[in-house]
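Below, each chain spelled out in residue letters.
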Amino acid sequence: MRTPFRISHGKITFVLYNKPFPCGGNCLYCFKQKGLTKSTTLNEDTGLAQSLEWSGKLQIIKRFEFYNLNNSIGNKCDLAVKGDSFANHEFEYLREYVKGIYDFLNGEESNSLLDSANLQNKGKNRCVTFKVETRPDHINIKTCNLFLELGITTVELGVQSLNESVLKINNRGHDLLSIENATKLLKNFGFEVVYQVMVGLPGSNLDIDKSLLTEDLWQDRYNPDALKIYPCILLKKKIAYQKGLHDYYQKNSWKPIDYSSYIEFLKECYSKIPRYVHVNRIQRVIPSSKIEAGVNREIDRNLFSGISKCLWQRSLAQRLNDLEVDFSNYRIIYYKQGQNDYCFEAVFIDDIVLGYARLLILSNNSAIIRDIRVLGNMRPIGDENIYKRGSQHIGIGTALINRIEKVSQNLKIKTIIVKPSFGTVPWFMRKGYCQLNSFYFGKKLNSEKKIELPSEIDKLMVNG
């Protein structure tokens, strides 16, 4: 299977695909293979999804079988749904798609998505994080409310560039204001925000791309939590015909960045990427036999281990070989990641990250936890970790949330809100967070008894 089996980031990631559907865009560099979603080639992942008629439920069943997973031990699952622009699909289709996945994780079939989502509280396997990809111009109040309904925790935006001219040349179909508005809306709703950006695009150059990675992205109006960086590449015609990109290439109007230049470019930029950012990817892994021009081989990310301070590079899975040692000697640190954002880290010796969380300050003396996770080898739900080896189930999550509450009190915050995945609801309830509606939970940090949703959230929700 193309997607490797990993438990070292605290969960098991399941890459799933939606059915092919128009994304609403007509980008210069994009390509389409018959029968597949846009910008994907036929491989083990996409081929599996296609063979199962794009059923989310059947895809995850096959993943469990392939990984030889016991589906009754409380696996912590990370759902990563890909394919076109998620928010441009018909909403009823998405509801049925996600319901099928939850039904399998729960070990029983429910009558509705709501019932299936609620059963995640005690499901045989739990969805702890759920990410989707979409265009920034597809983000609005209606789609955000759908994301709540589906239990999504992370939204990846296809930003590509923060230069208006580059966006226009590449026919992106959205502008910078769309990116800014989408980011603000998603953060206020409590989602983690990931940007996908592309360097070496037609109309861009090294100066523009360096500015993107070292300065532009970290303006407070953008400032994503995580980042995926892709160098623009040209595929061979027999694989996929990128007509617009091919025409630029043939006319010598565009020359893609090559492997060596891209390595040097990243070495120069990486040190300027803030430590609170999780750099998830630095390329699309496509076999060199399919690439006509551009970065044509896989990059060893260890090349940047002495340069990058991002969360991925500092995570224990990247820094240590043995993840089952005694990590009890950790500490919690925090710092600002923007005007109203804070990042909290559980760090071990030599700045090794064991877990992290994010807090956004809202109005009316309130704040929202947008992310909280503990890394390391996944331990199933309910595993007590008697010998206190490894980073999971030794109290790191509790320590993070306790520090969040302490810092919030010092900042005169009276109410903390959280929008957990459906599979993590019981954990937050054990920490004293009470249910406010179908999606949000809250906790008072003073003697007042009544808890209300912050105005940023309350006025945005369709059902209040």
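Here the structure is shown first, and the text comes after it.
Keep in mind that this is a model prediction, so the values were computed, not measured.

A.B. asks: Honestly, the side chain of serine 308 in this entry has me stumped. Any pointers?
C.D. replies: Along the chain, serine 308 falls in the loop between strand 9 (291-293) and helix 11 (311-314). You can call serine 308 buried: its relative accessible area is 3%. Of the polar contacts made by the side chain of serine 308, one reaches the backbone nitrogen of cysteine 310; its length is 3.2 Å. The residues touching serine 308, leaving out its near neighbours within four places in the chain, are Tyr270 and Gln313.

A.B. asks: Can you help me understand unusual backbone geometry in this one?
C.D. replies: If a residue is not glycine, its phi is most likely negative; likewise, a peptide bond is most likely trans. Non-glycine residue asparagine 171 carries a positive phi angle of around 55°. Of note, asparagine 171 is situated in the loop between helix 6 (164-169) and helix 7 (176-189). Judged by its relative accessible area of 38%, asparagine 171 is partly exposed. One non-glycine residue, histidine 393, lies in positive phi territory at about 65°.

A.B. asks: Looking at this model, I keep getting lost on the sheet that holds strand 3 (residues 126-134). Mind explaining?
C.D. replies: Sheet strands line up and pair through hydrogen bonds in the backbone, either parallel or antiparallel. Spatially, 7 strands are ordered 1-2-3-4-5-6-8 in an open sheet, and the strand pairing comes out parallel. Among the strands making up the open sheet, the edge pair consists of strand 1 (12-17) and strand 8 (278-281). With strand direction ignored, the average angle separating the axes of adjacent strands in the sheet is 25°. Across 3 bridges, the pairing between strand 6 (residues 226-231) and strand 8 is parallel.

A.B. asks: Is there a simple way to think about the environment of glutamine 337 in this case?
C.D. replies: Turning to its location among the elements, glutamine 337 is positioned in the loop between strand 10 (331-336) and strand 11 (341-348). Sequence separation between glutamine 337 and glycine 355 is 18 residues; the distance between their C-alpha atoms is 16 Å. Beyond its immediate chain neighbours, meaning those up to four positions away, glutamine 337 contacts Asn223, Asp225, Tyr276, Tyr342, Cys343, Arg358 and Arg370. Reaching out from glutamine 337, the side chain makes a polar contact with the side chain of aspartate 225 at a distance of 3.0 Å. Polar contacts involving the side chain of glutamine 337 include one to the side chain of arginine 358, which spans 2.8 Å.

A.B. asks: Is there a simple way to explain the pairing of strand 13 (residues 366-374) in this structure?
C.D. replies: For a regular strand, side-chain orientation follows a simple rule: the groups alternate between the two sheet faces. With 9 of 9 residues buried, strand 13 lies mostly within the body of the structure. As paired strands, strand 12 (residues 352-361) and strand 13 are joined by 7 bridges and run antiparallel to one another. Residue pairing in the sheet places isoleucine 361 in a bridge with alanine 367 of strand 13. Between strand 12 and strand 13, which pair antiparallel one after the other, the connecting turn spans 4 residues, and asparagine 364 there sits at a positive phi close to 55°. When strand 13 meets strand 14 (residues 415-418), the two strands line up parallel, connected through 4 bridges.

A.B. asks: I would appreciate a short explanation of the nonpolar core in the present structure.
C.D. replies: For soluble globular proteins, the rule of thumb is that nonpolar side chains tend to be buried together. Within the largest apolar cluster, 124 residues are counted, with the highest numbers of intra-cluster contacts made by Tyr102, Phe147, Tyr195, Tyr262 and Tyr440. Here this core gets 9 residues from one element, more than from any other, and that element is helix 3 (residues 91-106). Setting aside residues up to four positions removed in sequence, tyrosine 102 forms contacts with Leu79, Leu113, Ser116, Ala117, Gln120, Cys127, Phe130, Leu150, Gly151 and Phe422. Counting 11 residues, the second largest nonpolar core, distinct from the first, contains Cys27, Cys30, Leu234 and Trp254.

A.B. asks: How should the packing of aromatic side chains be read in this particular structure?
C.D. replies: In this description, an aromatic ring pair is defined by two values, namely the gap between the centres and the angle between the planes. All chains considered together, the criterion is met by 18 aromatic pairs. Geometrically, the ring pair formed by phenylalanine 66 and tyrosine 67 is edge-to-face, given 6.1 Å between the ring centres and 70° between the ring planes. Residue tyrosine 67 is classed as buried on the basis of its relative accessible area of 10%. Pairwise contacts between aromatic rings join Phe5, Phe14, Phe64, Phe66, Tyr67 and Phe104 into one cluster. Of note, arginine 297 hangs over the ring of tyrosine 259, and the distance from its end group to the ring centre comes to 3.7 Å.

A.B. asks: What's the story with the pattern of salt bridges in this structure? I'm lost.
C.D. replies: Oppositely charged side chains may form a pair once their charged atoms are brought near each other. According to the stated counting rule, one finds 26 salt bridges in the structure shown. Residue arginine 379 is joined to glutamate 324 by a salt bridge in which the shortest nitrogen-to-oxygen separation is 2.8 Å. Of this pair, arginine 379 sits in the loop between strand 13 and helix 13 (396-410) while glutamate 324 sits in the loop between helix 12 (316-319) and strand 10, and the two are 55 residues apart along the sequence. Looking at glutamate 324, the relative accessible area reads 29%, which means it is partly exposed. When the shortest N-O distance is used, the salt bridge between glutamate 405 and lysine 443 registers 3.2 Å.

Each value, and the rule that gives it
- Residues numbered from 1 in each chain as written.
- Predicted model: local features only at pLDDT ≥ 70, side-chain atom pairs only at ≥ 80, totals over all residues.
- Heavy atoms only, no water.
- Helix = DSSP H or I, 4+ residues; strand = E, 2+ residues; numbered from the N terminus.
- Buried < 20%, exposed > 50% of the residue type's maximum accessible area, 1.4 Å probe, protein only.
- Polar contact = N/O pair within 3.5 Å; in protein donor to acceptor, adjacent residues only side chain to side chain.
- Contact = heavy atoms within 4.5 Å.
- Pairing = 2+ DSSP bridges.
- Axes fitted to C-alpha atoms, helices over the stretch in contact; angles between N-to-C directions.
- Core = buried A, V, L, I, M, F, W, Y, C linked by side-chain atoms within 4.5 Å.
- Phe/Tyr/Trp six-rings, centres within 6.5 Å; stacked < 30°, edge-to-face > 60°.
- Lys NZ or Arg CZ within 6 Å of the ring centre and 35° of its normal.
- Salt bridge = Lys/Arg side-chain N within 4 Å of Asp/Glu carboxyl O.

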